[in-house]
Amino acid sequence: GSSDDSDSSNAEGDNSSESSEDSNESSGDTPDTLVMGFVPSQDSDTIADTVEPLADRLGEELGIEVKGQVMTNYNALVEAMGANQVQIGFIPAFGYVLANEQYDVEVILKSIRYGSGTYKAQYLVRSDSGIESLADLEGKVWAYGDKSSTSGYLFPASQLMKEFDYASAPELESGFFSGTVQSGGHDNSALAVYNGEADVATTFDDVRTELEEEYPDVMDKLTVLGYTDEIPNDTISVTRNLDDELVQKIKDAFMSFNDDEEMIKIMNDVYNWDGIDEASDEEYEVVKETYQEFKDNIEL
Amino acid sequence: MKSYTLPPKPEKSLFKKLKAILIVVILAAIYVWTFLGIDIDWARAIDRIANNFARVIPNLFSPDWSATADVSLSILETVLIAFAGSLMAAILAIPLGFLAAQNMTGSRILTTIGKWILSAVRAFPDIILAILFVVAVGPNAFAGVLAIAIGSTGMLGKLYSEVIESIDMKVVEAMEANGANKIQILFYAVIPQIIPEFLSYAIYRFEVDIRASSILGIVGAGGIGTMIIFAANNRNWNEMGLILLAIIIVVTIIDFISARIRRKIV
Amino acid sequence: MIQFKDVGLVYPNGTEGLKNVNVTINDGEFVVIVGLSGAGKSTFIRSINRLVTPTKGSLLVDNEDILSYRSGELRKLRTKVGMIFQNYNLVKRSNVLKNVLAGRLGHTGTLRSILNLYKKEDVGLAYESLQRVNISEKIYNRADELSGGQQQRVSIARVLTQKPGYILADEPVASLDPPTSHQVMSYLKKINKEDNITTIVNLHFIDMAMEYADRIIGMRAGEVVFDGPVSEVNEKTFEEIYGRSIREDDLRGGADES
Amino acid sequence: MIQFKDVGLVYPNGTEGLKNVNVTINDGEFVVIVGLSGAGKSTFIRSINRLVTPTKGSLLVDNEDILSYRSGELRKLRTKVGMIFQNYNLVKRSNVLKNVLAGRLGHTGTLRSILNLYKKEDVGLAYESLQRVNISEKIYNRADELSGGQQQRVSIARVLTQKPGYILADEPVASLDPPTSHQVMSYLKKINKEDNITTIVNLHFIDMAMEYADRIIGMRAGEVVFDGPVSEVNEKTFEEIYGRSIREDDLRGGADES
Amino acid sequence: MTNQSKDVVKGKTPSLYPVKTKAQVSIIFIVILGFYFFSMFWTQREMVGGFGDSLGNMFTVIGKFFPPNLSVIPAILEPMAQTIQMAIVATTCAAILTVPLALMSAQNITTFKPLYYATRTLMNILRTIPDLVLAVIFVGLFGIGVLPGILALFIFSLGILAKLISETIESVDMNPLEAMRASGGNVFQVIFFGLVPQVLPQFTSFVLYVFEINIRASVVLGLVGAGGIGLVLNQQLGFYNYQNAMAIIVLIFVVVIVIEYISNKLREALI
Ligand SMILES: Nc1ncnc2c1ncn2[C@@H]1O[C@H](COP(=O)(O)OP(=O)(O)OP(=O)(O)O)[C@@H](O)[C@H]1O
Ligand SMILES: Nc1ncnc2c1ncn2[C@@H]1O[C@H](COP(=O)(O)OP(=O)(O)OP(=O)(O)O)[C@@H](O)[C@H]1O
Ligand SMILES: [Mg+2]
Ligand SMILES: [Mg+2]
């Protein structure tokens, strides 16, 4: 077990690693094999289902075997990192916040997409709906993917709550909007608006590109009404009791991918990333606040 | 016309009549409640399917062959997880099945305890079991094996106990009559009677587990589940078609093989 | 020798299975018990190896009161009293040899029997018993592949391997057709004579009883209403046992039993 | 009248169930068919209502060759030929009245019968039939609550409600004890006499056959080996039917049947 | 057979099983064991580290689920009701449609072979599709909501029920049916009077068994947004409200127990 505080304060104490070759005075574990867990963000237009290219390369760079495993549910990843079954996690912002809160997992890097370390959520309405500002949304029907989606729900809800002065999410849903549709995914939300079942959808920017193939007129029929604040991209995080020096090596290895033509291409093809950048916990403060805001009054 | 005597009407006690009426009323109430509660917008549904049919169904039937290698590997992993898991469950369920069988323990209390354990095990969603085992052994197929093993034990134990309760106790008596002790009776009179059913259920469970283990991928416990979710999220119906085809083929083959094995052994 | 002394048996639900039974059966006798359905024939027979326990009186087998026996002694008693059932009670899915060997369970250690490690003599004895009832060629067939008569012969073989001092048979031929019934009864008789094993058989049919028995015991409503050699049986005995001469009553609704 | 003319029947697996059977059964007769297991008794009886179809010859019921009948005519034939089975063939979980009413299915419309809308006369008839076999007080009991003899009487009542011209009974008493057997046979005989219904019964026991039959037909290996009034039956007939005098052969391994 | 008897005659003490049977059973046993070890090897191939802390780790996580936060129960009653309603509709429809399908896929009733094989095959294919896949496809077709959930449960139940019930039908006592036929009943009458009473208790208990399965399957349906309590369970897990999630599991457990109880009572009443 790994209780939250003991790990960070006296990490040397609970060193349970079998490896002894590393004899420097650094704190924490240096396992023989690293396990990398990957939960691709649903807030992205293509979703990769493999972590192998990254794991293989990382293993080469570090000289340690690295195994990768993809999952679609970040609870499992958070818990696995807590139990030190996974040392490196590719976690979306929201999952990172949970992992950090529960098990002191630490962010070291983040992905860069379209040249930015952040993305935002958008409000989609039908072009012919006559809705022109967020205020026009009052009394309309709101489609969102699912309540634990940062861009699909949490950020827009938070923004609207602030702007129109609602104390809690349930009040917003029932007071401001006339109804809500929980669609299960960003694409479904957009389609709900497209099909007239809802008036506004909150999705990542820009979900329409994903739908263009199946629904060629989606770009015309749906208009972006506005955007939310910036949301930090997916993280690369490590467990707290990993050896500092090893963490540094991991950081360097990932950063070196930015200079490697071949790797950039892989990252772009597979994960839709332009690059990798350093990140710190503060950048995720905004998500943390949002989480706190919703945690207890999330409607059952 | 010939005259005839009608039989007396059946005597039903008032209590019985009331009970019958009560049951009908309750059933009717449940259905009214259900149909009031479920509100489906049929117009919308028809509209939806009219729109989506062409987008989904034809694609399902034109599988994306390029993913064949990946899908095969995942489905193989699913089969292995299901096999190892259900074999473990098949064995774990034996003591529980005996515990929950009235005619073996002869004690209502023990039987009830056994049945409750089995029910409790069954109430845990597979997905949460899988998360627990990912925590225990890491995100890999073995976590899936353990999740399947525990998850199936509940159902198998229940089925086993029903088999044990239905054996021919006369044979047990015959063994008693020639001086066999309890353990000998178990091996000579009970086990030969239950083995075929136990095997059938274990094999049936293996088949069910192939389907169940397909969701384990969601939490990183291996198998084809991740691919299903990804195909769904990416609206990649061609790949879904291939996955579906693979599952159907594999389960059918297993069905075929297991039917033969069963025939051999039974 | 088996001695019933004032034996009574009341089932938990209050039915009186046996009432005041006093009977002595000598070694080597072939006794047939007849009576209507529910007369207490099975109860009588099953008391002897304590599959049911009389609630009154004393029951002596080889001069020991078996009513006080507890599990260890009980197993020993049952090892020396073989039993044959109406429905054969074979393990349908096991083969004939294994079924017959089950007769030796009482003589075999637990571990040995679980591991199927029978002594060579036991297997030999089983095979010999099968030969005696002329069915050794079916040794590896599953019990449910045999006809009723064959199954009953296997169950006789099972009892033979037990090398019992007594054989109890509870309606051994009720499920068989007449020629096969005669066959089975003949085997029982033959064993009784050859090995001098005391044999007690329940039968529905008084005619068949008279053909094979040395002695007939008639029961009715838990009581022994006739006990004597075959030669003493006459039309009146018949009426005593069946409670009435059959024919005349048939059309009056057959009130009590059917 | 039922006429078998050179009737032969070969089962799909090649077994010859009937060989060259020539028999005429007149209206109102009470015929008992005896023979060993496998002799073809059931095959004979089941040919008459076409539960099996002879492959050779012609079979006339009321002067019509039934072998060419197809489903509609077949149902009509079966409506007038009632049948009683060894194991009663009642629906165990339905009550007695419902079981007896099933005898009227052939006279009732599908919809009517499925909705349990029997005509008053039909219910009356069913009740009356139950009274004739003295079991009307069990009318609302489930069939599986009755004893064997009672079940067989219900199945006779079922046949009676059918108001048949012929009754076929395939070993109606094989599962019953002797007193109950006599009872059931007596009811059959009574109905045969009172309603003048031609009755054909299969029996294992030649002694019981002789007690009730007007005429006995002996079968062996698919052939009719004896056909005549009861008075003509003697020890030789017995040997003809059973192929040998029984006793002596029993111990020789019972080669053929058991 | 003759070989065996010869063996027996030669060696005075025959072995307990004929050699051929022994060999066959041993081979099957070895193959199964071999496949098991291969499975264990394969599934553990990616495993890093041993079982050292496994139990401790598990208990840490299990601890987070306790105590269940039962105060949320009132709030989850509505989605639970929705789940039950979905299961009722799906089970009822499946139970009705199963009747003709099960009759058609029972060998002793459907003597027309092509029809028998066609229905059998169709049912077998339906049965192989995981509920998750069904849910995903129906959500793809109808969008999110109860309808795809109901349809997924319906198809899924249909496959199981038709198999179980056709097997029950195949095992009924055919004698009463023959008696009905012998008294001149037509096909429908024979089925209705001879068959239905015999399969009714089994039918009821299988339907209730499938109902129970459907309640639990709704957890999976929730994963892809097909409505019901599963959706809420997922959300609560997503927000790391494990104690709320446990309350939901407890509620599901209670519902399952109640169904089992009703099922037993009904079965007793019917048998
Ligand atoms: N376990 C039991 N509990 C209660 N009553 C019983 C039990 N076994 C038998 N009886 C009753 O005891 C009486 C005698 O039964 P028993 O079985 O000895 O009769 P039987 O002569 O063997 O009859 P059958 O010819 O039907 O086998 C019957 O009235 C029977 O109902
Ligand atoms: N459906 C069938 N297919 C093949 N062979 C059959 C079939 N039914 C009966 N037989 C065979 O036909 C022969 C005559 O059988 P049948 O049932 O008429 O004899 P039975 O005299 O009624 O015998 P039992 O006294 O055992 O009822 C037997 O050899 C039997 O094995
Ligand atoms: Mg008895
Ligand atoms: Mg017959």
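Every value quoted in this text rests on a predicted model; they were computed, and no experiment measured them.

Visitor: Quick one: what's the story with the overall build of chain C, residue by residue and with numbers?
Guide: Assigned secondary structure in chain C consists of 10 helices and 10 strands. Expected size for 258 residues packed as a compact globule is a radius of gyration near 18 Å; at 19 Å, chain C falls within 12% of this value. Expressed as lengths along the three principal axes of its C-alpha atoms, the size of chain C is roughly 55 × 40 × 35 Å. Across the 258 residues that make up chain C, the buried fraction comes to 60%. Nonlocal contacts in chain C, meaning residues at least 24 apart in sequence, comprise 68% of its contacts between residues at least 6 apart. A total of about 9900 Å² of accessible surface is found on chain C, and carbon and sulfur atoms cover 45% of it. Each charge sign in chain C was given a centre, from 33 positive and 33 negative side chains, and these centres are 9 Å apart.

Visitor: Summarise the interface of chain E and chain B; cite the residues concerned and give the values.
Guide: The interface is formed by 65 residues belonging to chain E together with 67 residues belonging to chain B. Summed over both partners, the interface of chain E with chain B comes to about 6000 Å²; 78% of that surface belongs to carbon and sulfur atoms. Connecting chain E to chain B are 3 salt bridges. Its salt-bridge partner being aspartate 255 of chain B, residue arginine 127 of chain E comes within 3.9 Å of it at the nearest N-O pair. If one sorts the elements of the side of chain E that touches chain B by residue count, helix α2 (residues 19-44) of chain E sits on top with 11 residues. Classifying every residue of the side of chain E that touches chain B gives 45 nonpolar, 13 polar and 7 charged.

Visitor: Tell me about the site of ligand 1, and please be specific about residues and values.
Guide: Residue and element names in this part refer to chain C. Looking at ligand 1, there are 13 residues lining it, with Ser37, Gly38, Lys41, Ser42 and Thr43 nearest. Within the backbone of glycine 40, one N or O atom sits 3.0 Å away from an oxygen atom of ligand 1. For ligand 1, whose unbound accessible area comes to 630 Å², protein coverage reaches 63%. When the residues that make up the shell around ligand 1 are grouped by side-chain class, the tally is 3 nonpolar, 8 polar and 2 charged.

Visitor: Can you lay out the sheet that holds strand β10 (residues 223-229) of chain D for me, pointing to particular residues and giving the numbers?
Guide: Residues and elements named next belong to chain D. Ordered in space as β6-β7-β8-β3-β9-β10, the 6 strands form an open sheet in which the pairing is mixed. Because the sheet does not close on itself, it has two edges, and the strands there are β6 (81-84) and β10. Averaged over all pairs of adjacent strands, the angle between strand axes in this sheet comes to 15°, irrespective of strand direction. In terms of strand pairing, strand β3 (residues 30-34) meets strand β9 (residues 215-220) through 4 bridges, oriented parallel.

Visitor: Break down the interface of chain B and chain D for me, citing the residues and quoting the values.
Guide: Across the contact, 8 residues belong to chain B and 9 residues belong to chain D. At the boundary of chain B with chain D, total buried surface from both sides reaches about 820 Å², with 69% on carbon and sulfur atoms. Our count for the chain B to chain D interface comes out at 0 salt bridges. Remark: the boundary between chain B and chain D carries 0 residue pairs in polar contact (both at pLDDT 80 or more).

Visitor: Tell me about the nonpolar core, and please be specific about residues and values.
Guide: By size, the foremost hydrophobic cluster in this structure holds 267 residues, and its most contacted members are Leu137 of chain A, Val219 and Met240 of chain B, Ile156, Met185 and Leu203 of chain D together with Ile215 of chain E. In terms of residue count, the dominant contributor to this core is helix α9 (residues 187-223) of chain E (17 residues). In this structure valine 219 of chain B touches Met71, Asn73 and Ala76 of chain A together with Ile127, Ala130, Ile131 and Val134 of chain B, once residues within four positions along its chain are discounted. Among the nonpolar cores identified, the runner-up in size contains 75 residues, and Ala90 and Phe198 of chain B together with Val123 and Tyr212 of chain C belong to it.

Visitor: Summarise the packing of helix α5 (residues 120-132) of chain C against helix α6 (residues 148-161) of chain C; cite the residues concerned and give the values.
Guide: Residues and elements named next belong to chain C. α6 packs onto α5 with a crossing angle of 135° between their chain directions and a minimal axis gap of 8 Å. By the angle between their axes, α5 is oblique relative to α6. The way α5 lies across α6 gives a crossing that is right-handed. Residue-level contacts link Leu125, Ala126, Ser129, Leu130 and Arg132 of α5 to Ala157, Leu160 and Thr161 of α6. Taken together, the residues of the contact of α5 with α6 sort by class into 5 nonpolar, 2 polar and 1 charged.

Visitor: For the UniProt feature "transmembrane region" (unreviewed entry) in chain E, give the residues involved together with the corresponding values.
Guide: The sites that carry the UniProt feature "transmembrane region" (unreviewed entry) are, in the present numbering, residues 23-43, 55-77, 83-104, 125-144, 187-209, 215-233 and 245-263 of chain E. In residues 215-233 of chain E, helix accounts for 74% and strand for 0%; the two terminal C-alpha atoms are 13 Å from one another.

Visitor: Could you give an account of the site of ligand 2, with specific residues and numbers?
Guide: Residue and element names in this part refer to chain D. Every one of the 13 residues lining ligand 2 counts as a neighbour, but Ser37, Gly38, Lys41, Ser42 and Thr43 are closest to it. In the environment of ligand 2, an oxygen atom lies 2.5 Å from a nitrogen or oxygen atom belonging to the side chain of serine 42. Out of a free accessible area of 640 Å², ligand 2 has 63% covered by protein chains. For the shell around ligand 2, a count of residues per class yields 3 nonpolar, 8 polar and 2 charged.

Visitor: Mind laying out empty space enclosed by the protein, listing which residues take part and the relevant values?
Guide: For the structure shown, the criterion picks out 16 cavities of 30 Å³ or more. Each pocket or cavity is described by its volume, and for the largest cavity that value is around 990 Å³. In terms of lining, the largest cavity is formed by 47 residues, of which the most central are Gln42, Asp146 and Gly184 of chain A, Asn233 of chain B together with Leu223 of chain E. Put simply, the parts of the chain that give the lining of the largest cavity at least two residues each are α3 (74-82) and α7 (186-194) of chain A, α10 (225-233) of chain B together with α6 (131-142), α9 and α10 (229-238) of chain E.

Rules used in this analysis
Residues numbered from 1 in each chain as written. Chains lettered and ligands numbered in written order. Predicted model: local features only at pLDDT ≥ 70, side-chain atom pairs only at ≥ 80, totals over all residues. Heavy atoms only, no water. Helix = DSSP H or I, 4+ residues; strand = E, 2+ residues; numbered from the N terminus. Rg over C-alpha atoms; globule rule 2.2 N^0.38 Å. Buried < 20%, exposed > 50% of the residue type's maximum accessible area, 1.4 Å probe, protein only. Contact = heavy atoms within 4.5 Å. Areas by Shrake-Rupley, 256 points an atom, 1.4 Å probe, with all protein chains shown as cover. Lys, Arg positive; Asp, Glu negative; His and termini not counted. Charge placed at Lys NZ, Arg CZ, Asp CG, Glu CD. Buried area = accessible area lost by both parts, 1.4 Å probe. Salt bridge = Lys/Arg side-chain N within 4 Å of Asp/Glu carboxyl O. Nonpolar A, V, L, I, M, F, W, Y, C, P; charged D, E, K, R; others polar. Near = heavy atom within 4 Å. Polar contact = N/O pair within 3.5 Å; in protein donor to acceptor, adjacent residues only side chain to side chain. Pairing = 2+ DSSP bridges. Axes fitted to C-alpha atoms, helices over the stretch in contact; angles between N-to-C directions. Core = buried A, V, L, I, M, F, W, Y, C linked by side-chain atoms within 4.5 Å. Parallel < 35°, antiparallel > 145°, perpendicular 65-115°, else oblique. Left-handed = near helix turned anticlockwise from the far one by under 90°. UniProt positions renumbered as here; feature names shortened; annotations may be inferred. 1 Å grid on protein atoms, 1.4 Å probe; cavity = no way out; pocket = protein on both sides within 12 Å on 5 of 7 lines; lining within 4 Å. Points joined across faces, edges and corners; volume = space filled by probe spheres on them.

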